[in-house]
Amino acid sequence: MLYIYDTVRTPFLRMGTGFSDQTSADLGVHVTKALLQRNDLDPASLSEVIFGCVCQPPDLANIARIISLRSGIPQHVPAVTVNRNCASGMESIITAEQRIAAGRGDLFVVGGVDNMTRVPFYYQESAVRKFSKLARAKSLMAKIKGITAFRPKDFSPIIGLQKGLTDPYINMGMGQTAEIIANQYGISREAQDAFAVDSHLKAAARIEELKQEIVPYPLGGKSIDTDNGIRTDSSTEKLSKLRPVFDRKTGSVTAGNSSQITDGAAALLVGSKEAGERNSLKPIAALRDYSVVGCDPKTMGLGPVYAIGSLLKTNQLSIDQFHSVEINEAFAVQVLACLQQLRDDGIRIKEQQLNRLGGAIALGHPVGATGARLVGSAIHQLRHASSKHALASLCVGGGQGVALWIESLTE
């Protein structure tokens, strides 16, 4: 069994704000160092460092290794970066569990990170070909000819983030898949906006509890300890004024009822029971089981339905046995559709169970980090309420779903 000994995260900051000048590695180092220092852990005792990252920076190949070395972890400790799109942070936890089960290590720093602000722009293929030809030019005349071959359209940038949020198999953006679900389940714009407002207001009411998850980040002489996407004055009236983003004419998915594009990192210290005892660590939670499933990429938002259903069935559990259920708010409509389909399947998640501290609509969704944040938040909620069991789940671009069953081990 995988035991969780500690969990931390950075504040989640909106794209283009506080973390604009920080690299993804900077964010990952911050949470990794915090784990080591808080637990007085000799980094040489680690078996491996495993980080999820979706927007892998081109200048930080295998970012987990960069995070590891820059955190002062010895060179002999290996590190690997994993990517299951939005579930990458969870994948790091699952990978550690599999390592432990196989006897391939017993103490890990795991987590996820993404600085979505710094996802680069790219050149058009036409420009790349012309640059390549220009580089091979030998004579002055050939170079002049190469330069004059460029046209203004060659310099129209390709937005890397937009490409990353597009499924190449179905050639659809994630927002377009949300519109499909809205139509399939008949979920109105008004219902989506109301859900989004509720996310913000829940988060606003629990800011002090959310701060318990965060290791403050020093920026510009200040210590940042609060997520900056939470809107305390959110209202359906304000959200109703926003135009649909993905289907301008008849759509209902807007920037206001979708997850925020955000920068951040989250990490956990996990391992076997024996590794904890050897390093004087006391477990705060355990991963009891998990489920990973595939589904139609065009309705990828329904992934949690199948993952949660599979997990409950395999373990003969009722949803009522869980104090809290985290379903990542990629889009308001996506969570609403999941709730509706789960009800149709006989699994009724109560309002007081769901995303008790708000979700990605209010807190943001740095895609590589969110899975780790959900698990960390679930643990904090269980400890705060002196409860035992939580579910954390999310949908995955490309058509997958992941769900983790977490048990608190503290009184």
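Before reading on, note that the structure itself is shown above.
All values reported here derive from a predicted model rather than from experimental measurement. Sequence order as written defines residue numbering, which begins from 1 separately in each chain. Since the coordinates come from a predicted model, pLDDT governs what is reported: local features require at least 70, and pairs of side-chain atoms require 80 or more to be given and counted, while whole-chain, interface and lining totals use all residues. Working from all heavy atoms in the structure, the side-chain values ignore hydrogens and water.

Caption draft 1: View of the overall build of the protein chain. Secondary structure counts use DSSP, requiring at least four H or I residues in a row for a helix and at least two E residues in a row for a strand, with both numbered from the N terminus. Counting secondary structure elements, the protein chain contains 15 helices and 16 strands. Over its C-alpha trace the protein chain gives a radius of gyration of 22 Å, about what one expects of a compact globule, namely 22 Å for 411 residues. C-alpha atoms of the protein chain, sized along the principal axes, occupy 80 × 55 × 45 Å. Exposure categories follow from relative accessible area, calculated using a 1.4 Å probe and restricted to protein chains: below 20% of the type maximum is buried, above 50% is exposed, and the middle band is partly exposed. Looking at the protein chain as a whole, 56% of its 411 residues are labelled buried. Per element, the accessible surface of the protein chain, about 17,800 Å² overall, is 51% carbon and sulfur. When charges are counted, Lys and Arg contribute as positive and Asp and Glu as negative, whereas His and the chain ends are disregarded. Taken as the charge centre is NZ of Lys, CZ of Arg, CG of Asp or CD of Glu, depending on the residue. Distance from the positive charge centre (44 side chains) to the negative charge centre (39 side chains) of the protein chain: 9 Å. For the radius of gyration, the atom set is restricted to C-alpha positions; the globular benchmark scales as 2.2 Å times the number of residues to the power 0.38. Values of accessible area rely on a 1.4 Å probe in the Shrake-Rupley scheme; residue burial ignores everything except the protein chains shown.

Caption draft 2: A look at empty space enclosed by the protein. The distinction between a cavity and a pocket rests on a 1 Å grid over the protein atoms alone: a 1.4 Å probe fits inside a cavity but cannot get out, while a pocket stays open yet meets protein on both sides within 12 Å along at least five of seven lines, and a residue with an atom within 4 Å of a point counts as lining. Grid points are joined across faces, edges and corners, and a volume is the space filled by probe spheres set on the points. Using the criterion set out here, one finds 2 cavities of 30 Å³ or more in the structure. Size it by volume and the largest cavity reaches roughly 40 Å³. In this count, Pro and Cys sit with the nonpolar residues alongside Ala, Val, Leu, Ile, Met, Phe, Trp and Tyr, while Asp, Glu, Lys and Arg are called charged and the others, Gly among them, polar. For the lining of the largest cavity, the per-class residue count stands at 3 nonpolar, 4 polar and 3 charged. For the second largest cavity, the calculated volume is near 30 Å³. Contributing to the lining of the second largest cavity are Ile207, Leu210, Lys211, Ile214, Asp225, Thr226, Asp227 and Ile230.

Caption draft 3: Spotlight on the pairing of strand S4 (residues 79-82). The pairing criterion for strands is at least two bridges between them, as found by DSSP. With 4 bridges joining them, strand S3 (residues 48-52) and S4 adopt parallel strand pairing. In the strand pairing of S4, Val49 is matched with Ala79.

Caption draft 4: Structural detail: the packing of aromatic side chains. Put simply, two rings from Phe, Tyr or Trp (the six-membered ring, in Trp's case) pair if the centres are within 6.5 Å, and we call them stacked under 30 degrees between planes, edge-to-face over 60, tilted for the rest. Under the definition given, this model contains 3 aromatic pairs. Here the aromatic rings of Phe19 and Tyr217 are separated by 4.9 Å at their centres, their planes lie at 65°, and the arrangement is edge-to-face. Residue Phe19 is located in the loop between strand S2 (13-14) and helix H1 (24-38), and its partner Tyr217 is located in strand S10 (residues 217-219); the two are separated by 198 residues in the primary sequence. Of the two residues examined, Phe19 and Tyr217, each falls in the buried class. Geometrically, the ring pair formed by Phe246 and Phe331 is edge-to-face, given 6.2 Å between the ring centres and 85° between the ring planes. With Phe246 in the loop between helix H10 (236-239) and strand S12 (262-271) and Phe331 in the loop between strand S14 (324-327) and helix H13 (332-344), the pair connects residues that are 85 residues apart, well separated along the chain. The ring of Phe12 has Arg9 sitting right over it, with the charged end atom 4.8 Å from the ring centre. When the NZ atom of lysine or the CZ atom of arginine is within 6 Å of a ring's centre and also within 35 degrees of its normal, the charge is said to sit over that ring.

So, to be careful, I would describe these as geometric facts and stop short of saying anything about function.
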